Amino acid sequence: MAKHWWQEVVVYQIYPRSFKDSNGDGVGDIRGIIEKLDYLEKLGIGAIWLSPVYQSPNDDNGYDISNYRSIMDEFGSMEDMDKLIAEADKRDIKVIMDLVVNHTSDEHQWFIEAKKGKDNPYRDYYIWKDPSENGGPPNDLTSMFSGSAWEFDEASGQYYLHLFSKKQPDLNWKNEEMRQSIYDMMNFWIDKGVGGFRMDVIDLIGKVPEEKILTNGPKLHDYLQEMHEATFGNHDLLTVGETMAVTPQTAKLYSNPSRKELSMVFQFQHVGLDKQKGKEKWDLKSIDIAELKEVLVKWQTELDGQSWNSLFWNNHDQPRIVSRWGNDQEYRVESAKMLAILLHMMKGTPYIYQGEEIGATGTPFSDISEIKDIESINMYHERLAEGYAKEEIIASINAKGRDNSRRPIPWNASRNGGFTSGTPWIALNENYKEINVEAALNNPNSVFYTYQKLIQLRKDHPIMVWGDFELVDTVDEVFSYYRMYNGERWLIVTNFSNEEQFFSSKEEIEEIIIQNTSDRVTTLKDITLQPWQAFVAKIK
Ligand code: NOJ
């Protein structure tokens, strides 16, 4: 496989609404991001994945786009955006745009036209169906945000499909002119110098709703190959598909280079392990480390040499990892560092979600009135009507709701963590006076410096990018593996638990590359790992 820049970098995801507010309206913005580029340069990242900044009525915080070629007023202007790309470029940071083309907002001009009637030239840009024989929706497909996926349009007597909120009508990818308009728009952004695209729910674009086929539809890969050719094919851009239902087999269809589709995909098998099998993410179950290991190892070994992995614990849809699978109480710092080391040492491109690098936690919500996210709000009402107790629903939201990781970044200990001089759109974590960026930067032992070091190690040691992966057989709670490259070997040892664990190896240490405890590891023979201990040893 040819080598690419996007295999060597670490990507940092910014959720603009919650990153940094520059004008006191309580909402983060592009100028706020520009203010913090020096901070990101210091961290060492090579690309920013920017969650959507396009014009949007914000039914789903920007994932409902009403104009792909203009910037949301709250976030700034196209001039600000151009400046962000240029300023990031000066620091060797590329900007990856969020490409949301499974659906638009119902306020997009195309949909406004489409609603005008069956003869409108834009009608077929969306998916319309007559009512079923009994007069109801065409079938029982449900929206990811609860309720039917079909919304009735009085004027035409037809239903339109929305796999997300009813303000997010699904585009009809069978329409060639629509596809061409999307490619033109992508080229508009490529011409601006962006570094690539993160493709929102891209595995849905080949859907056949009448047959209830949603992910991995028959034409999906034809569309992606067509897109590749029409847009980023001749540029070395990072393209990462959000693919909810992907397996290592199907991942290779998206990202084996010979197929000329995407650089890599996000798989979600590991973050689906703490739910009851066959149920929804709200139906909680604790994580089983043996299962987690099995899934992550499967991805490491099955893609090897054929496709490239993406590595992540967090994003704007997932709860904070240190609160989820780490210990955000007595071992917050240790477990956050251990999770970082475990992930960044695997083979693939690591993604950091804003705040992860300071070990940001979640803060429980106590009432639905504090929740902003449409997914949680709709689920709350649905489950309440089904007879669930309020407390149980709120517990699910606290464990899995998307607002957990959307709280603003605390930059310092001042009012509102220095995020805004106004009223933040959603409350900050209660602990922001202790856990904030300034405090992290001032403490040489903070989680920040572990992330910074991991990123620097990646730049200095090709083994971290290109080395082979091999699991070490241990007790479940210990997650240990080798990376191997050109005769060099690194042994990664992590304790994924609150208890001490036994570890032993015949190998001899040449050098400790990184560790999360203050006592230096000097031997690998019969050692007791402290709770959440992690280290990487170069082997003699
Ligand atoms: C996945 C995005 O990550 C999520 O935030 C959004 O709600 C849906 N796609 C719909 O665009």
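In this text the structure is predicted, and so the values were computed from the model without any measurement. Residue numbering note: each chain is counted from 1, following its sequence as written. Totals for whole chains, interfaces and linings use every residue, but because this is a predicted model, local features are given only for residues with pLDDT of at least 70 and side-chain atom pairs only at 80 or more, for both listing and counting. Hydrogen atoms and water are omitted, and side-chain values are computed over all heavy atoms in the structure.

**Q** Kindly report on the overall build of the chain, identifying the contributing residues and their values.
**A** Per the convention used, a helix needs a DSSP run of H or I reaching at least four residues, while a strand needs a run of E reaching at least two, with both numbered from the N terminus. When its secondary structure is counted, the chain shows 16 helices and 20 strands. By the compact-globule yardstick of 24 Å for 540 residues, the chain fits well, its C-alpha radius of gyration being 23 Å. A 1.4 Å probe rolled over the protein chains alone gives each residue an accessible area, and that area as a share of the maximum for its type sets the label: buried under 20%, exposed over 50%, partly exposed in between. For the chain, buried positions account for 61% of its 540 residues. Long-range contacts, defined as pairs at least 24 residues apart, comprise 68% of the intrachain contacts of the chain with a sequence gap of at least 6. Accessible areas in this description were obtained via Shrake-Rupley with a 1.4 Å probe; residue shielding takes into account the shown protein chains only. Of the accessible surface of the chain, which amounts to about 21,100 Å², a share of 45% is contributed by carbon and sulfur atoms. As defined in this context, the radius of gyration uses C-alpha atoms, and a globule is described by 2.2 Å times the residue total to the power 0.38. Contacts between residues were defined by any pair of non-hydrogen atoms, one from each residue, lying within 4.5 Å.

**Q** Tell me what's going on with the domain arrangement of the chain, and back it up with residues and numbers.
**A** Note that domain bounds follow an automatic or database assignment of domains. Annotation of the chain at the domain level lists domain 1 (7–87 + 309–363 + 407–460), domain 2 (105–170), domain 3 (176–308) and domain 4 (465–539). Computed over C-alpha atoms only, the centres of domain 1 and domain 2 are separated by 35 Å. The buried area of a pairing is the accessible area, by a 1.4 Å probe, that goes missing from both parts when the two are put together, added over both. Counting the surface lost from both domain 1 and domain 2, the interface buries some 670 Å², and carbon and sulfur atoms represent 57% of this. The largest per-residue losses of area from domain 1 upon contact with domain 2 belong to P57, D59 and S66, which jointly make up 52% of the total buried on that side. Here, a salt bridge means any Lys or Arg side-chain nitrogen found within 4 Å of an Asp or Glu carboxyl oxygen. Joining domain 1 to domain 2, the criterion identifies 0 salt bridges. We define a polar contact as two N or O atoms separated by no more than 3.5 Å, with the added condition that, inside protein, one atom must be a possible hydrogen donor and the other a possible acceptor, whereas residues neighbouring each other in sequence contribute only through side-chain atom pairs. The tally of links between domain 1 and domain 2 comes to 4 residue pairs in polar contact (both at pLDDT 80 or more). Residue polarity is assigned by list, with Asp, Glu, Lys and Arg as charged and Ala, Val, Leu, Ile, Met, Phe, Trp, Tyr, Cys and Pro as nonpolar; anything else, Gly included, falls into the polar class. Classifying every residue of the side of domain 1 that touches domain 2 gives 4 nonpolar, 2 polar and 3 charged.

**Q** Give a detailed account of the side chain of R402, specifying residues and quantitative values.
**A** Along the chain, the position of R402 falls in the loop between α13 (390–400) and α14 (437–442). Note on R402: relative accessible area 7%, which makes it buried. Reaching out from R402, the side chain makes a polar contact with the side chain of E375 at a distance of 3.4 Å. Those residues in contact with R402 that lie beyond four places of it in its chain are D60, F145, K281, H316, D317, D373, I374, E375 and S376.

**Q** Just give me the short version of the site of the ligand, but keep the residues and values in it.
**A** The ligand sits among 13 residues. The nearest are D60, D200, H316, D317 and R402. The contact in question runs from an oxygen atom of the ligand to an N or O atom on the side chain of R402, over 2.9 Å. Looking at the shell around the ligand residue by residue, the classes come out as 4 nonpolar, 2 polar and 7 charged. Looking at which domains feed residues into the shell around the ligand, each of domain 1 (7–87 + 309–363 + 407–460) and domain 3 (176–308) gives three or more. In this text, near means that some heavy atom of the residue lies within 4 Å of the molecule or strand in question.

**Q** Outline the pattern of salt bridges, listing residues and values.
**A** According to the stated counting rule, one finds 39 salt bridges in the structure shown. For D80, the salt bridge is made with R31, and the minimal N-O distance between the two is 3.1 Å. Taken together, the residues span a long stretch of sequence, with D80 in helix α4 (residues 78–90) and R31 in helix α2 (residues 30–35) at a distance of 49 residues. With a relative accessible area of 9%, D80 lands in the buried category. Residues D38 and R91 are paired through a salt bridge, measuring 2.8 Å at the closest nitrogen-oxygen approach. One end of the pair, D38, is in helix α3 (residues 37–43); the other, R91, is in the loop between α4 and β5 (94–99), and 53 residues separate them in sequence. D38 gets classed as partly exposed once you look at its relative accessible area, which sits at 47%. Of the residues examined, R91 reaches a relative accessible area of 18% and is grouped as buried. Taken together, the shared-partner salt bridges connect D60, K281, D317, D373, E375, R402 and R406 into one network.

**Q** Kindly report on helix α15 (residues 447–460), identifying the contributing residues and their values.
**A** What a helix is expected to span follows from its residue count: subtract one and scale by 1.5 Å. Taking 1.5 Å of rise per residue, 14 residues should cover 20 Å, and α15 covers 20 Å from first to last C-alpha, within 8% of that figure. What α15 keeps buried is the set V447, F448, T450, Y451, L454, I455, L457 and R458.

**Q** Give me the sheet that holds strand β7 (residues 150–153): which residues, what numbers.
**A** Think of it this way: DSSP has to see at least two bridges between two strands before they count as a pair. One open sheet accounts for 3 strands, arranged β6-β8-β7; its pairing is antiparallel. Only two strands of the sheet have a single partner each, and these edge strands are β6 (128–129) and β7. Note: β7 against strand β8 (residues 158–161), 4 bridges, orientation antiparallel. Along β8, the bridge assignment pairs F152 with Y159.

**Q** Describe in detail the UniProt feature "domain: Glycosyl hydrolase family 13 catalytic" (unreviewed entry) in the chain, supporting the description with residues and values.
**A** The UniProt record marks residues 13–406 with the feature "domain: Glycosyl hydrolase family 13 catalytic" (unreviewed entry), using the residue numbering of this structure. Within the segment residues 13–406, helix and strand shares are 31% and 13% respectively, and the terminal C-alpha atoms sit 12 Å apart. UniProt positions are given in the numbering used here, feature names are shortened, and annotations may be inferred rather than shown by experiment.

**Q** Quick rundown of the pairing of strand β2 (residues 47–50)? Include the residues and the values.
**A** Where burial is concerned, the two faces of β2 agree: the one with A47 and W49 and the one with I48 and L50 are both buried. Relative to β2, strand β1 (residues 11–14) runs parallel, the two being bridged by 4 bridges. Paired with V11 across the strands is A47, a residue of β2. Inspection of the sheet shows β2 paired to β5 by 4 bridges, in the parallel sense. Considered in β5, the bridge of I48 is made with V95.

**Q** For helix α11 (residues 332–344), give the residues involved together with the corresponding values.
**A** For the α-helix, the turn length of 3.6 residues means that residues three or four positions removed from each other point alike. Its 13 residues place the ends of α11 18 Å apart at the C-alpha level, agreeing with the 18 Å of an ideal helix rising 1.5 Å per residue. Most of α11 sits inside the fold, with 11 of its 13 residues counted as buried. Among all positions in α11, only R332, S335, A336, K337, M338, L339, A340, I341, L342, L343 and H344 are buried.

**Q** With reference to specific residues and values, describe the packing of aromatic side chains.
**A** Here a pair means two rings of Phe, Tyr or Trp (six-membered ring of Trp) with centres within 6.5 Å. Their orientation is stacked below 30 degrees between planes, edge-to-face above 60, and tilted elsewhere. The final tally for this structure, using the stated rule, is 29 aromatic pairs. When the ring of Y39 is compared with that of W411, the centres are 5.3 Å apart and the planes differ by 85 degrees; the resulting orientation is edge-to-face. Linking Y39 in helix α3 with W411 in the loop between α13 and α14, this pair joins segments that are 372 residues apart in sequence. Take Y39 and W411: they sit in the same class, and that class is buried. Seen from their ring centres, W308 and W466 are 5.7 Å apart, and the 50 degrees between their planes marks the pair as tilted. Residue W308 is found in strand β12 (residues 308–311), and its partner W466 is found in helix α16 (residues 462–466); the two are separated by 158 residues along the sequence. A relative accessible area of 5% means that W308 is categorised as buried. Judged by relative accessible area, W466 falls into the buried class, the value being 14%.

**Q** Tell me what's going on with the nonpolar core, and back it up with residues and numbers.
**A** One finds M81, I182 and M345 to be the most contacted residues of the largest nonpolar core, which totals 145 residues. The definition of a nonpolar core used throughout is a set of buried Ala, Val, Leu, Ile, Met, Phe, Trp, Tyr and Cys residues joined through side-chain atoms within 4.5 Å. The next biggest cluster of nonpolar side chains, apart from the first, holds 15 residues, and it includes V478, L491, F535 and A537.

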